[in-house]
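Inside the fold
If you want the building blocks of each chain, they are given just below.
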Amino acid sequence: MHDVEEDVPTFPFERLGLEPPPALGPFRADKGFQKVRLWNGQTAWLVLRHEGVRAILADNRFSVDPLKPGFPNVSETRAELLLKEEPTLIRMDAPDHTRLRRMLAKEFTHSRIESLRLAVQRIVDDVLDTVIERGPPADFYTDVSLPIPSNVICHILGVPYEDHEFFEERGTKKLAYRGDPEEALRATAEVRAYISDLIARREREPRDDLVTRLIQDQIRPGNLSHEEAVRMCEFLLIAGHETTANMLSLGTASLLRDRPQYESLKANPSLTSAAIEEMLRYHSIVQYGLARVATEDVELEGCVIRKGEGVLSLVNSANWDSSIHPNPEHFDIHKKRAMHVAFGFGVHQCLGQPLARLEMDVFFRTLPCRMPKLELAVRPEDLRFKERALVFGVEALPVTW
Amino acid sequence: MKIVADLERCIGAGQCVANAERFFTQDEETGQVVIQVPTVTETEREEVEMAIYACPTRALSLIQ
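The rules behind each value
- Residues numbered from 1 in each chain as written.
- Chains lettered and ligands numbered in written order.
- Predicted model: local features only at pLDDT ≥ 70, side-chain atom pairs only at ≥ 80, totals over all residues.
- Heavy atoms only, no water.
- Helix = DSSP H or I, 4+ residues; strand = E, 2+ residues; numbered from the N terminus.
- Rg over C-alpha atoms; globule rule 2.2 N^0.38 Å.
- Areas by Shrake-Rupley, 256 points an atom, 1.4 Å probe, with all protein chains shown as cover.
- Lys, Arg positive; Asp, Glu negative; His and termini not counted.
- Charge placed at Lys NZ, Arg CZ, Asp CG, Glu CD.
- Contact = heavy atoms within 4.5 Å.
- Polar contact = N/O pair within 3.5 Å; in protein donor to acceptor, adjacent residues only side chain to side chain.
- Buried area = accessible area lost by both parts, 1.4 Å probe.
- Salt bridge = Lys/Arg side-chain N within 4 Å of Asp/Glu carboxyl O.
- Phe/Tyr/Trp six-rings, centres within 6.5 Å; stacked < 30°, edge-to-face > 60°.
- Buried < 20%, exposed > 50% of the residue type's maximum accessible area, 1.4 Å probe, protein only.
- Lys NZ or Arg CZ within 6 Å of the ring centre and 35° of its normal.
- Pairing = 2+ DSSP bridges.

Let's talk about the overall build of chain B
When helices and strands are tallied, chain B shows 2 helices and 4 strands. Ordered by position in the sequence, the α and β elements of chain B form the string β-α-β-β-α-β. The C-alpha radius of gyration computed for chain B amounts to 10 Å, which stays within 12% of the reference 11 Å derived for 64 residues, consistent with globular compactness. Principal-axis analysis of the C-alpha atoms gives chain B an extent of 30 × 20 × 15 Å. Of the roughly 3500 Å² that chain B leaves accessible, carbon and sulfur atoms contribute 49%. Positive and negative side-chain charges of chain B, numbering 5 and 11 respectively, have mean locations separated by a distance of 8 Å.

This is the structure in structure tokens:
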């Protein structure tokens, strides 16, 4: 008997440069849903279009719990980590997730985040001062893109920045797509032990920071256990630096690759907001999809997803859906684009998005004035990418000025 | 038209504020939506509908 399952393509697909994998295009154009085979032989659905991704992510019949049968893990490393580590809130369903997320919502409101603008500006200025003073050349990723969000998340949580190498290295190991799963688990455990100590310190010596507020508002009244707070803060620390660091470098690379757009932003800072949204859309750094498993049969746009089947919602494909974003392959900061799903959708939509946007806003308003002659020191096609990382980004961004 | 918010669904993502600041703000303690201007005229409708479309938990609606 013919086994139709043999025709199922293997996911993930190869990525060649700054753009999402070319193989996604035909599947997106065809039906917007595609069955694929994962590393362990299991099959799962890819969701490739804007409306499909929104529908799945807003639908509470899909679970984010990796312990549920059929949950799609994109690699062996990820499978091992997600099965063994105590989950953070992105791997919890309602009502547990709702309870924890609501404790954090007030820390990430628009007015709260906007009140950090001066602090972020100071951090951006300091980082740029240092690199400019040292003189060209530089690795823009290590010298500029990473220290900014690392400093900012330290400022918010109350983590001492002098420990940045410790948590940056472990963050990279934890967010590995490929690599030794034991290393990822160890990295998680080490950061959690570090945060546990920090919480204990703040219990004795309160300060004006998120950790102290969690202790006073949630732990002491008995709403949140010490262990839950540890996982929550570990998650904020890791999620808070590497993602934005990647976006600062990728955004800069895209502007420099098409020099007139860098000049245009320099001449007209009011383009910054549109430029940021275009960077988020174009790069969509969550490259292996947002993983869910169906908890009952669901029919969507003619596709039937059975209970226990895994679904990977690909934001990097949805944001290149030409029915929503015309000429998606053309990076253009002048174009007012439609709403993208780079931060996801549904109850798990990125908690830190106002912060990510603030950091990008301050950064891209400041950079072109401070480094007007900035240019890539390699050809764009020679850029190297983080091959083992779950989140897309450049390995290094050699620049001069 | 009138804006209605379902606070059971709202998780305080703040997309309403990002898209239609004149109509929405967030509660300082919970982060949840606070409707500042509940009544929407025909000319304002597009802006509010954008905020409704942006809401990740579909907690907002417009009623006649």
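So, next bit.
Thoughts on the environment of Glu-14 of chain A
Residues and elements named next belong to chain A. Within the secondary structure layout, Glu-14 lies in the segment before α1 (24–30). Put simply, Glu-14 and Ile-153 are 139 residues apart on the chain and 32 Å apart in space, counted from C-alpha to C-alpha. With residues near it in sequence (within four places) discarded, Glu-14 still touches Pro-21 and Pro-22.

Comments concerning the side chain of Gln-353 of chain A
Summarising the element assignment, Gln-353 of chain A is placed in helix α16 (residues 353–370). One polar contact links Gln-353 of chain A to Arg-357 of chain A, side chain to side chain, over a distance of 2.8 Å.

A look at the interface of chain A and chain B
The interface of chain A with chain B comprises 17 residues on the first partner and 26 residues on the second. Of all residues in chain A, the largest losses of buried area upon contact with chain B belong to Arg-102, His-110 and Met-339 of chain A, amounting jointly to 32% of the total for that side. Measuring nitrogen to oxygen at the nearest pair gives 3.5 Å for the salt bridge that ties Glu-29 of chain B to Lys-106 of chain A. Our count for the chain A to chain B interface comes out at 11 residue pairs in polar contact (both at pLDDT 80 or more).

Some points on the packing of aromatic side chains
One pass over the full model with this rule turns up 9 aromatic pairs over all chains. Between the aromatic rings of Phe-11 of chain A and Phe-13 of chain A, the centroid separation amounts to 5.5 Å while the plane-to-plane angle is 90°, which identifies the pairing as edge-to-face. What makes Phe-11 of chain A buried here is its relative accessible area of 4%. Residue classification places Phe-13 of chain A among the buried residues on the basis of a relative accessible area of 15%. Measuring from centroid to centroid gives 5.4 Å for Tyr-282 of chain A and Phe-331 of chain A, while their planes differ by 80°, and the two rings are edge-to-face. Note that Tyr-282 of chain A is positioned in helix α14 (residues 272–283) and Phe-331 of chain A in the loop between α15 (315–318) and α16, a separation of 49 residues in sequence. The exposure classification of Tyr-282 of chain A matches that of Phe-331 of chain A, with both residues buried. An aromatic cluster is present here, built from Phe-11, Phe-13 and Phe-27 of chain A joined pairwise through their rings. The ring of Phe-392 of chain A carries the charged tip of Arg-15 of chain A above its face, separated from the ring centre by 3.3 Å. The lysine or arginine in question, Arg-54 of chain A, covers the ring of Tyr-53 of chain B, its NZ or CZ lying 3.5 Å from the ring centre.

As for the pattern of salt bridges
Considering all chains together, one arrives at 41 salt bridges over all chains under this definition. Residue Arg-192 of chain A pairs with Glu-85 of chain A through a salt bridge whose shortest N-O separation is 3.6 Å. With Arg-192 of chain A in helix α10 (residues 181–204) and Glu-85 of chain A in the loop between α3 (76–84) and α4 (96–105), this pair connects stretches of sequence that are 107 residues apart. Of the two residues examined, Arg-192 of chain A and Glu-85 of chain A, each falls in the buried class. With a shortest N-O distance of 3.8 Å, Glu-44 of chain B and Arg-22 of chain B are connected by a salt bridge. Of this pair, Glu-44 of chain B sits in the loop between β3 (33–35) and α2 (45–54) while Arg-22 of chain B sits in the loop between α1 (15–19) and β2 (24–26), and the two are 22 residues apart along the sequence. Owing to a relative accessible area of 48%, Arg-22 of chain B belongs among the partly exposed residues under this scheme. Linked through salt bridges whose partners overlap, the residues forming this network are Glu-85, Lys-174, Arg-192 and Glu-234 of chain A.

Section: the sheet that holds strand β8 (residues 310–313) of chain A
Residues and elements named next belong to chain A. Strands sit in the order β1-β2-β8-β5-β3 across an open sheet of 5 strands; the sheet is mixed. Here the strands that pair on one side only, and so sit at the sheet edges, are β1 (33–37) and β3 (62–63). Of the pairings in the sheet, the one linking strand β5 (residues 290–294) to β8 comprises 4 bridges and is antiparallel in character. Within β8, the residue paired with Val-293 across the bridge is Gly-310.

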